[in-house]
Number of protein chains: 2
Amino acid sequence: MEERTEIEDLGEFGLIDYLTRNIELYNASTVLGVGDDAAVIDLFGKQTVISTDMLVEGIHFDLMYTPLKHLGYKSVIVNLSDIYAMNATPTHITMSLAFSNRFSLEALNEFYEGVYAACEKYRVDLIGGDTTSSQKGFVISVTAIGEVAPDKFVKRSTAQKGDLLCVSGDLGAAYLGLTLLEREKKIFLENPKIQPDLEDQTYVIGRQLKPEARHDIISFLAGKEIMPTAMMDVSDGLSSEILHICKQSQLGCVLYEEKIPVHDQARELAMKLGLDPTACALSGGEDYELLFTMKQEDYDKITLNEEIAVIGYMTELTEEPHIITRSGNKHKLAAQGWNAFK
Amino acid sequence: MEERTEIEDLGEFGLIDYLTRNIELYNASTVLGVGDDAAVIDLFGKQTVISTDMLVEGIHFDLMYTPLKHLGYKSVIVNLSDIYAMNATPTHITMSLAFSNRFSLEALNEFYEGVYAACEKYRVDLIGGDTTSSQKGFVISVTAIGEVAPDKFVKRSTAQKGDLLCVSGDLGAAYLGLTLLEREKKIFLENPKIQPDLEDQTYVIGRQLKPEARHDIISFLAGKEIMPTAMMDVSDGLSSEILHICKQSQLGCVLYEEKIPVHDQARELAMKLGLDPTACALSGGEDYELLFTMKQEDYDKITLNEEIAVIGYMTELTEEPHIITRSGNKHKLAAQGWNAFK
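Thresholds, definitions, all that
Residues numbered from 1 in each chain as written. Chains lettered and ligands numbered in written order. Predicted model: local features only at pLDDT ≥ 70, side-chain atom pairs only at ≥ 80, totals over all residues. Heavy atoms only, no water. Axes fitted to C-alpha atoms, helices over the stretch in contact; angles between N-to-C directions. Helix = DSSP H or I, 4+ residues; strand = E, 2+ residues; numbered from the N terminus. Left-handed = near helix turned anticlockwise from the far one by under 90°. Contact = heavy atoms within 4.5 Å. Nonpolar A, V, L, I, M, F, W, Y, C, P; charged D, E, K, R; others polar. UniProt positions renumbered as here; feature names shortened; annotations may be inferred. Pairing = 2+ DSSP bridges. Domains from an automatic or database assignment. Buried area = accessible area lost by both parts, 1.4 Å probe. Salt bridge = Lys/Arg side-chain N within 4 Å of Asp/Glu carboxyl O. Polar contact = N/O pair within 3.5 Å; in protein donor to acceptor, adjacent residues only side chain to side chain. Buried < 20%, exposed > 50% of the residue type's maximum accessible area, 1.4 Å probe, protein only. Least-squares fit on C-alpha atoms with pLDDT ≥ 70 in both. Disulfide = S-S within 2.5 Å.

Colleague: Describe the packing of helix H2 (residues 68-84) of chain B against helix H3 (residues 105-122) of chain B, naming the residues involved and giving the relevant values.
Modeller: In a packed pair of helices, the relevant descriptors are the angle between the two axes and the axis-to-axis distance. Residue and element names in this part refer to chain B. The contact between H2 and H3 brings their axes to 6 Å, and the two run at 35 degrees. Relative to H3, H2 is oriented so that their crossing is right-handed. Contact residues: H2 offers Leu68, Lys69, Leu71, Gly72, Tyr73, Ser75, Val76, Ile77, Leu80 and Tyr84, while H3 offers Ala107, Glu110, Phe111, Glu113, Gly114, Val115, Ala117, Ala118, Lys121 and Tyr122. Across the contact of H2 with H3, the residue classes break down as 13 nonpolar, 3 polar and 4 charged.

Structure below.
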């Protein structure tokens, strides 16, 4: 009988590890390949950072409650976020789309309005792409290109023992926004006469539908001459991302629940929905904040920036990554991030 | 009533023109944007060429007769072909995939074997990508990156009146291979007991399932110090591509039917299937040959290369692009290339 291994048993990262296990590189210019937020190629002494992401209807977004303009905006942002997560500045994107004939030109135009709005805000050039049809559903593939001064890019694998673990902005709100939108969709499908009630939850809805990429954090760190020792963006959920940094840096860490930044509106809504705000932050995903480690001696430089929270520190590998709860209990950190294959 | 314009009324190129009509560029490094085989960005004095293509199951390929390894190979090749068509050398690719749970790890592995085989043959590094699930079907998005000496890239818009129109290899065979595979699929679906009869048509089947990108032509031209005045690859069919060069260069052209290179096996099969070999070459697509224009004075340098055929010449715009048939008749050249939206 032919062997058959289900993809969902491996998950995305297991799959990538498996498929790239024998990868060979032929060009001396390839500085960093598969396995980080973006790849780095050395072009004539300066370095170019490249990242790509695919968004699939029904998996990553639901057009029932996602305005096309917001979707266009978000599909650019999620890619720019990967470039910033390398400590680089995005400069160019390409965008390929596949869509079925239920999409009109007016619909695509709306989508591109969002794309161009993101390009304008982040000063990025759309330089190419491909448009084609699909039998079903809308598929978006974006490749983002950025630049970084030689060897100033920041990987996931270079955190050091004792480094502070930091995160920008707040976490969990995008997931709560999604939860609310899904709830209202379900109610609407059961009874189309009931109007959606988003309870004026503009903050969490905005975090889900119109995320931003944290270029301000990259600028701030550069201005303060802080070079993060490791960095990545929070797309799948905080715990999953922390575990990536720990695994790739071969370290453990201690995370403090009380230090995890959660927005007041997100906390209140979580309570109301019967969800644990910390669990939303740890496993929710799509926050597009920056998670980074830095040397302890840089601590004084960030204390006045309310957009950066120190949430823990890196330890030796002998200590498994764990979280200290508000009540003082210690739990092993589990990856419960979003998995496109489940 | 809300306005609704059907995409198929515009076609891919009309759509791209429409969606990019107000495009703004923010980076001085953007040398060439949307509208050619690839974009060009100037990085630190040298130039980088970027191209992207999306392949969708049911639109671009049929897994009933396409081995996954071949599909992986071809999905790299079609992108490298765009880079060569800019007179550049591909160096890196990223590859994003979306697939449903009917794909096993073993199936994906087969696909990647083809990807890696193409990377090895063309000395290109796979540096990143994204793998995600789809509700239905297999979607492949590849971005290829290449390098070119400053201002040595070749656009579609720079052909000059009097230039020779040239094409590499032969045309129409990939389309005939597809026709044969589609015929056998239909017979098989009607009666699964009948074994497919591909009539030892290895050449045309190979042209469809395992195309190559013409790096040899780029090397040859460079070796002979021939700088094409305009160039693109033949992916949608010869007539469609010639019309692109004419339109973008604001010229007309004369094409000679008898000069269009068609492989003997392709010609014989076409006859057998009741198809016109010239029509297959003009409208078939997927040949991934290079179509280029060059100065007449370079003619002597190419006469000994059997892989390059001079098929016509560029004229003033006043003369519409046309073809002179074997019987001496003159016909207007019509774009009947492949259209993903029909």
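Colleague: Give a detailed account of the UniProt feature "binding site: Mg(2+) 5" (unreviewed entry) in chain A, specifying residues and quantitative values.
Modeller: On the UniProt side, "binding site: Mg(2+) 5" (unreviewed entry) is annotated at positions that read Asp236 of chain A here. Its place among the elements puts Asp236 of chain A in the loop between strand E8 (230-234) and helix H7 (238-249).

Colleague: I'd love a proper account of the sheet that holds strand E13 (residues 330-332) of chain A, names of residues and values included.
Modeller: Residue and element names in this part refer to chain A. Taken in spatial order, the 7 strands make up an open sheet running E8-E10-E7-E11-E9-E12-E13, and their pairing is mixed. Only two strands of the sheet have a single neighbouring strand rather than two, namely E8 and E13. Taken pair by pair, the neighbouring strands of this sheet meet at an average axis angle of 25 degrees, ignoring direction. Helix H6 (residues 215-223) contacts strand E7 (164-168), E8, strand E10 (289-294) and strand E11 (308-315) of the sheet and is inclined by roughly 25 degrees relative to E10.

Colleague: How would you summarise the domain arrangement of chain A if you had to cite specific residues and measurements?
Modeller: All names here are of chain A. Split into domains, chain A comes out as domain 1 (7-148) and domain 2 (164-332). Each partner contributes to the interface: domain 1 provides 24 residues, whereas domain 2 provides 26 residues. Carbon and sulfur atoms make up 58% of the surface buried where domain 1 meets domain 2, a total of about 2200 Å² over both sides. Of all residues in domain 1, the largest losses of buried area upon contact with domain 2 belong to Tyr65, Lys74 and Tyr84, amounting jointly to 27% of the total for that side. Summed over the shared surface of domain 1 and domain 2, the number is 3 salt bridges. At the boundary of domain 1 with domain 2, the tally comes to 9 residue pairs in polar contact (both at pLDDT 80 or more). Elements with a minimum of two residues in the side of domain 1 that touches domain 2: helix H1 (11-19), helix H2 (68-84) and helix H3 (105-122). Sorting elements by how many residues they give to the side of domain 1 that touches domain 2 places H2 first, with 9 residues.

Colleague: Account for unusual backbone geometry, with residues named and values stated.
Modeller: In the Ramachandran plot, Gln250 of chain A falls in the positive-phi region, its phi being about 55 degrees despite a non-glycine side chain. With respect to the element layout, Gln250 of chain A can be found in the loop between H7 and strand E9 (252-256). Residue classification places Gln250 of chain A among the exposed positions, given a relative accessible area of 58%. The backbone of Asn87 of chain B shows a phi angle near 70 degrees, a positive value even though the residue is not glycine. Within the element layout of this structure, Asn87 of chain B appears in the loop between H2 and strand E4 (89-99). Here Asn87 of chain B falls in the buried class, since its relative accessible area comes to 16%.

Colleague: Tell me about the relation of the copies chain A and chain B, and name the residues and values.
Modeller: Taken as rigid bodies, chain A and chain B are interconverted by a rotation of 180 degrees and an axial shift of 0.0 Å, the fit giving an RMSD of 0.0 Å. With respect to symmetry, the two chain copies, as superposed, fit the operation of a two-fold axis. Interface overlap between copies: 100% of the residues of chain A at the interface are likewise at the interface in chain B, consistent with a symmetric, same-surface contact.

Colleague: Explain the sheet that holds strand E11 (residues 308-315) of chain B to me, and be specific about the residues and the numbers.
Modeller: Residues and elements named next belong to chain B. The strand order across the open sheet built from 7 strands is E8-E10-E7-E11-E9-E12-E13, with neighbouring strands paired in mixed fashion. Edge strands, defined here as strands with exactly one partner in the open sheet, are strand E8 (230-234) and strand E13 (330-332). Adjacent strand axes in the sheet meet at a mean angle of 25 degrees when their direction is disregarded. Sheet analysis places strand E12 (residues 322-324) next to E13, joined by 3 bridges and oriented antiparallel. By the bridge assignment for E13, Ile323 is matched with His331. The strands touched by H2 are E8 and strand E10 (289-294); relative to E8, the strand with the most contacts, the crossing angle is about 170 degrees. Each of strand E7 (164-168), E8, strand E9 (252-256), E10 and E11 is contacted by helix H7 (residues 238-249), which is oriented at about 155 degrees to E8, the strand it contacts most.

Colleague: How would you explain the interface of chain A and chain B if you had to name every residue and give the values?
Modeller: With 79 residues of chain A at the interface, the matching set in chain B holds 79 residues. The interface formed by chain A and chain B contains 0 salt bridges. Linking chain A to chain B there are 7 residue pairs in polar contact (both at pLDDT 80 or more). Contributing elements (two or more residues each) for the side of chain A that touches chain B: H1, strand E2 (39-43), strand E3 (46-56), strand E4 (89-99), H3, strand E5 (125-133) and strand E6 (139-148) of chain A. For the side of chain A that touches chain B, the residue count by class is 35 nonpolar, 27 polar and 17 charged.

Colleague: How would you sum up the pattern of salt bridges? Please name residues and give values.
Modeller: Residues and elements named next belong to chain B. Tallying each qualifying case throughout the model produces 33 salt bridges over all chains. Here Glu307 makes a salt bridge to Arg214, at a shortest N to O gap of 2.8 Å. On the criterion of sequence distance, the pair formed by Glu307 in the loop between helix H10 (299-302) and E11 and Arg214 in the loop between helix H5 (202-209) and helix H6 (215-223) is long-range, its members being 93 residues apart. Arg214 sits in the buried class, given a relative accessible area of 11%.

Colleague: Break down the state of the cysteines for me, citing the residues and quoting the values.
Modeller: Under the counting rule described, the total for this entry stands at 0 disulfides over all chains. No disulfide involves Cys166 of chain A; its nearest neighbouring cysteine sulfur is the one of Cys253 of chain A, lying 12 Å away. For Cys166 of chain A, a relative accessible area of 0% corresponds to the buried category. No disulfide involves Cys253 of chain B; its sulfur sits 3.8 Å from the nearest other cysteine sulfur, which is in Cys246 of chain B.

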